[in-house]
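Reading the structure
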Amino acid sequence: MSLLHTLDVETKPAREGEAAQPVPLPRFLARDLDTGAALAPRPPNAPPVTRAPRPRGIDVRTDPAWLRWTVISISVAFIGIFIVLPLVNVFTEAFSKGLGAYFVALSDPDALAAIRLTLVAAAVSVVLNLVFGLAAAWAITKFEFRGKNLLITLIDLPFSVSPVIAGLVFVLLFGLQGWFGPWLDAHNIKIIFALPGIALATIFVTFPFIVRELIPLMQEQGTEEEEAALSLGATGLKTFIRVTLPNVKWALLYGVLLCNARAMGEFGAVSVVSGHIRGETNTMPLHVEALYDGYQLQAAFAIASLLALLAFVTLIVKAILEKPAKE
């Protein structure tokens with residue numbers, strides 16, 4: 001005997017060729033079936049069947065006030081001691097002899113040469129890393145090929161290798177006693193202790209920044225939009241310019257900012273390949289070291305304050321770029 005007959009539920013008369021349709025169960029009986037209660041009808045004045053309350057999620061904001069304030073105080077104290085106080089000291093020492101001495105230190109020929117060399121090396125490294133970052137991110141996220149994991153590992157190599165070791169590698173390759181040194185010297189090509197060597201060392205320590213910003217975003221976006229554009233007749237270059245670049249523009253600009261900031265502040269690798277020639281191969285960080293070693297403290301802090309100002313500009317631009325990206 002069926003359940004419908006057991007419950008004495010009537011069925012609707014069916015048309016010819018159609019099966020009989022059962023009448024919907026009463027509301028209180030349906031609730032009993034959902035909750036697993038007895039199938040027999042309950043009297044109208046019976047108390048409703050209640051479900052067990054669902055466990056609420058844990059809210060970290062309900063932690064004790066003393067714990068929250070302790071964590072906040074430790075964070076603020078750490079930032080104040082290791083970031084704010086050194087920056088305040090840099091600007092205090094930079095202006096300790098007045099604005100006149102500050103601008104005299106910045107207008108010194110060696111200082112201007114260091115500023116110019118730093119900007120040129122940063123510009124070269126950013127442009128080349130921009131091209132490499134786009135190409136590598138496109139290859140890693142859009143294609144499957146042998147050696148893909150090896151390529152990702154090599155991209156992360158500058159994060160794990162000391163910049164001094166990186167500079168030493170270039171000296172062993174392109175120095176006079178290196179593998180290519182005699183050939184370069186015979187053709188009057190100078191890489192070490194010159195701008196090319198400084199640019200190579202800067203490129204090495206900065207090339208992960210752009211590609212590492214692009215890979216997660218391009219992996220999340222997938223290939224559907226590019227495939228749709230290609231199916232509509234767009235060429236590969238047109239698809240890249242019209243579809244891919246607009247989707248990754250904020251991550252790309254953010255990576256460029258990080259790469260530029262790292263390039264201008266690089267010290268270790270550049271120190272090995274530059275030769276510390278004042279007015280020729282000293283970048284801004286190396287010029288600060290030279291001035292400090294020569295007991296020209298105010299001039300050293302003046303150049304350091306300029307580097308700090310460039311870092312502030314980078315942070316401001318970063319904040320401006322992040323706002324529309326979040327929206």
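Now for a look at the structure at hand. Keep in mind the model is a prediction, meaning the values are calculated, not measured. (Residues numbered from 1 in each chain as written. Predicted model: local features only at pLDDT ≥ 70, side-chain atom pairs only at ≥ 80, totals over all residues. Heavy atoms only, no water.)

Packing of helix H5 (residues 109–142) against helix H10 (residues 195–206) leaves a shortest axis separation of 9 Å and a crossing angle of 50°. Considering their axes alone, H5 and H10 lie oblique with respect to each other. Of the two elements, H5 crosses H10, and the hand of that crossing is right-handed. Residues Leu117, Val120, Ala121, Val124, Ser125, Leu128 and Asn129 of H5 form the contact with H10, whose own contacting residues are Leu195, Ile198, Ala199, Thr202, Ile203 and Thr206. Of the residues belonging to the contact of H5 with H10, the class tally is nine nonpolar, four polar and no charged. (Axes fitted to C-alpha atoms, helices over the stretch in contact; angles between N-to-C directions. Helix = DSSP H or I, 4+ residues; strand = E, 2+ residues; numbered from the N terminus. Parallel < 35°, antiparallel > 145°, perpendicular 65-115°, else oblique. Left-handed = near helix turned anticlockwise from the far one by under 90°. Contact = heavy atoms within 4.5 Å. Nonpolar A, V, L, I, M, F, W, Y, C, P; charged D, E, K, R; others polar.)

Once that is clear, we can look at the packing of aromatic side chains. For any two aromatic rings, the description comes down to two numbers: the centre-to-centre distance and the angle of the planes. On inspection of all chains with the given rule, the structure shows 12 aromatic pairs. Between the aromatic rings of phenylalanine 170 and phenylalanine 174, the centroid separation amounts to 6.4 Å while the plane-to-plane angle is 15°, which identifies the pairing as stacked. A residue pair is termed a helical-turn pair when its members lie 3 or 4 positions apart in one helix, as phenylalanine 170 and phenylalanine 174 do in helix H8 (residues 163–174) at four residues. Overall, the relative accessible area of 13% leaves phenylalanine 170 in the buried class. Above the face of the tryptophan 138 ring, lysine 142 is positioned so that its terminal group lies 5.9 Å from the ring centre. (Phe/Tyr/Trp six-rings, centres within 6.5 Å; stacked < 30°, edge-to-face > 60°. Buried < 20%, exposed > 50% of the residue type's maximum accessible area, 1.4 Å probe, protein only. Lys NZ or Arg CZ within 6 Å of the ring centre and 35° of its normal.)

All right, on to the nonpolar core then. Counting residues in hydrophobic clusters, the biggest one holds 32 residues, and the most contacted among them are Ala137, Ile155, Ile198, Phe204, Val211, Leu214 and Val273. Put simply, the parts of the chain that give this core at least two residues each are H5, H8, H10, helix H11 (208–221), helix H13 (236–265) and helix H14 (268–274). Take this core: its biggest share by element is seven residues, from H5. Filtering out sequence-adjacent residues up to four positions away, valine 211 remains in contact with Gly133, Ala136, Ala137 and Ile155. Ranked by size, the runner-up nonpolar core spans 16 residues in total, among them Tyr102, Ile115, Leu291 and Ala299. (Core = buried A, V, L, I, M, F, W, Y, C linked by side-chain atoms within 4.5 Å.)

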